[in-house]
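Observations on the model geometry
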Amino acid sequence: MPPTSRGWFEVSQKWRPIQVFHRLQRFATTSEIPQSASATPSLPTVVRLRQYQEECIRAVLSHLDQGHKRLGISLATGSGKTVIFTQLIDRIKPHTDIAHQTLILAHRQELVEQAARHCTNAYPTKSVEIEMGAMHASGAADITVASVRSIISGERMKKFNPKRFKLVLVDEAHHIVAAGYMKTLAYFGLSKPQPSSPALVGVSATMSRFDGLRLGAAIDHIVYHKDYIDMIGDNWLSDVIFTTVQSKADISTVKRGPNGDFQPKGLSRAVNTAEINELTVRSWFVKAKERKSTLAFCADLAHVADLTKTFRESGVDARSVTGGTPKSERSARLDAFKRGEFPVLVNCGVFTEGTDIPNIDCVLLARPTRSRNLLVQMIGRGMRLHPGKKDCHIIDMVASLETGIVTTPTLFGLDPSELVDEANIGHMKLLQDRKGAEEAEDKEAAENLKASPSAGHFFSGEVTFTDYDNIFDLIQDTSWEQHIRAISMHAWVCVAEDRYVLYNSDGSHLKIEKNINYDLSEDYIVTETVAIKGEGTRAPFRKPRQISKAPTFSDAVHAADTYAQKRYPRQFISRTQAWRKKPASEGQIMLLNKLRPQDSQLTTDSLMKGAAADMITKIKHGARGRFANIEAGRRRQDKEKLMIQQNEALKQREQVSVGPLLG
């Protein structure tokens, strides 16, 4: 094993108080360091900051000078986030005479070790200690690097005096609202910004949450952002080319886990088949056989084993690493991969964060995901610069698209079904610009139609007109619910385009609605309207209250579902409940029959209770008016189509060509 990796292995595996070298004292408690082990410290590592790193640090310092306390930094994978926050340690000044200590928090062993290594190299004259597992810090070190799980265990946090800390740094800060982090921040006085608390700086490449929780509970300001597209353009990251491959894996029945993404076992059953694994390996042979270092991401351990086996049966020296791989074996395998001794390394959830393998020149996404963050993290593994590396090829094995998955095209605002072949960043941006131009043209055309004298106030250029013979056909149409019900197990009802409602048993309800901002950007608003109990009230409902605001529809749905699961009874909001499949009630049928002709009345046996409830919800939320608008819009659309045809006929007549003349 090379010295660079062997040294850290010896620190974590061969710790003996009687065998302590001078560097090891940085990672032990004060009582564990023998006095005879002291030695002349090495010189600090000189770091030359990149321009954007210096800009980022100055942005942090500026916001601290303005009195802000809880700050976030959003930087792409490979941008040197660890370098930035270690540099912040000396450049952030104490807010009191006794506050000179720094705490660095991370959630994984690799991140803790990496941060400790950087701090030791940057500050050899400072004491650096680790609080993780069997390694206990003294609480008095200049810099303590702590595992969140360890610091909240038992009484371990009490040895730290919050008043002596000037700075708390959080790596991979998109995890910061998890319970362990929030407990630690509360101990250090950072539950809310206050002058007496230390500064908090969180750093992440994916400064957002997929599970509906708000980062704003811990961070007040994102002070700097530079994404991977900007950094590739500035040559700070490797160029990337994308290929998507339609795998036809059926993931429509795969359930979601607690974090909102697919459950690993269910996902594995869908994608870990002999046919799909062979397609994956075949795609790699066609597109990436000449690549030197491919990192493949799988759904679970079984998928790792089977895909690795498929590669090896095809003559490719593929090896795997999982969370259960012994550390010595894992380090040796990773070092061999870095040296280029074998071309394919297969993993499951090991290398999504805090991994520095710059030689990766191909990333094989063998697992679908709902999470944009996870997609960016996986792709980011291949974006670091490396001598002799021209670019990184991302091969995305795309599954069925009805289930709210994100794919590499969605990162550029394109449709998930957009298939690309060896498209680089420039090509993807060109596709994005083309789509944007088309949307702008459609929007301009819609505005022109709205402004025309024949257009009524009820017309919307974004409405997709569908032929309905009557209002009952409209409320019976469930095609509008297909998208939301592919990403939610709750009985959401589409009551208008881009507007969805979920009812509680007492009449209270949640609503998801698209919002167009003044700059024409879009987001989604989740509101709750609460029913007022008791008699004598003037209005049956309270004023709608905003619950969440999300940049994408799937994020809004997950935030709303998270809220509903806590407040609304599952037996009422879940669309899988048995009562929804029972015959409709007499009251439901009586109400719905008012919309039907006398010769086609419904009976309790002709409709299920759940479907009837959904139809009634649509009626409550304006189905009659919506049907009238659709009818008017359809008539106007027919008239406009006739005018277009007449104009085209006139143009044809004006053209001169060899052949018979049109009459």
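Note that the structure is a prediction, hence the values are computed from the model and not measured.

This next bit is on the sheet that holds strand β15 (residues 493-496). Spatially, β15-β16-β17-β18-β19 is the arrangement adopted by the five strands of the open sheet, whose pairing is antiparallel. One side of each edge strand has no neighbouring strand; the edge strands of this open sheet are β15 and β19 (545-550). The average angle at which neighbouring strand axes cross in this sheet is 30°, direction not considered. By the bridge criterion, five bridges tie strand β18 (residues 522-529) to β19 in an arrangement that is antiparallel.

All right, on to the nonpolar core then. The tendency in soluble globular proteins is for nonpolar side chains to be buried as a group. Counting residues in each nonpolar core, the largest one holds 67 residues, and the members touching the most others are Val60, Ile73, Leu88, Ile104 and Val201. Per-element accounting of this core gives the leading share, seven residues, to helix α2 (residues 51-65). If sequence neighbours within four positions are ignored, Ile73 has contacts with Cys56, Val60, Ile84, Leu88, Val201, Gly202, Val203, Ser204, Met207, Val223 and Tyr224. By size, the runner-up hydrophobic cluster in this structure holds 23 residues, among which are Ile151, Val170, Val177 and Leu200.

Our focus in this paragraph is the pattern of salt bridges. Enumeration according to the criterion identifies 22 salt bridges in this entry. Of the charged contacts in the structure, one is a salt bridge between Asp391 and Arg291, with a shortest N-O distance of 2.8 Å. Of this pair, Asp391 sits in strand β13 (residues 391-398) while Arg291 sits in the loop between α9 (274-288) and β9 (294-297), and the two are 100 residues apart along the sequence. Taking the relative accessible area as the measure of exposure, Arg291 reaches 18% and is therefore buried.

Next up on the list: unusual backbone geometry. One non-glycine residue with positive phi stands out, namely Glu172, at about 50°. Relative to the helices and strands, Glu172 is located in the loop between β5 (165-171) and α6 (179-187). For Glu172, a relative accessible area of 7% corresponds to the buried category. Within the chain, Asp498 stands out as a residue other than glycine whose phi angle is a positive 60°. Within the secondary structure, Asp498 sits in the loop between β15 and β16 (499-503).

Once that is clear, we can look at the sheet that holds β5. With respect to topology, seven strands assemble into an open sheet ordered β3-β4-β2-β5-β6-β1-β7, the strand pairing being parallel. Two strands lie at the open edges of the sheet, namely β3 (128-131) and β7 (221-226), each paired on one side alone. Taken pair by pair, the neighbouring strands of this sheet meet at an average axis angle of 20°, ignoring direction. Bridge count between strand β2 (residues 101-106) and β5: five bridges; the pairing is parallel. Looking at the pairing, Leu103 lines up with Val168 of β5. Across the sheet, helix α3 (residues 81-91) touches β1 (70-75), β2, β4 (143-147), β5 and β6 (199-204), and the angle it forms with β5 is around 175°. Across the sheet, α6 lies against β2, β5 and β6, angled at about 170° from β2, the strand it touches most.

What counts as what
- Residues numbered from 1 in each chain as written.
- Predicted model: local features only at pLDDT ≥ 70, side-chain atom pairs only at ≥ 80, totals over all residues.
- Heavy atoms only, no water.
- Pairing = 2+ DSSP bridges.
- Helix = DSSP H or I, 4+ residues; strand = E, 2+ residues; numbered from the N terminus.
- Axes fitted to C-alpha atoms, helices over the stretch in contact; angles between N-to-C directions.
- Core = buried A, V, L, I, M, F, W, Y, C linked by side-chain atoms within 4.5 Å.
- Buried < 20%, exposed > 50% of the residue type's maximum accessible area, 1.4 Å probe, protein only.
- Contact = heavy atoms within 4.5 Å.
- Salt bridge = Lys/Arg side-chain N within 4 Å of Asp/Glu carboxyl O.

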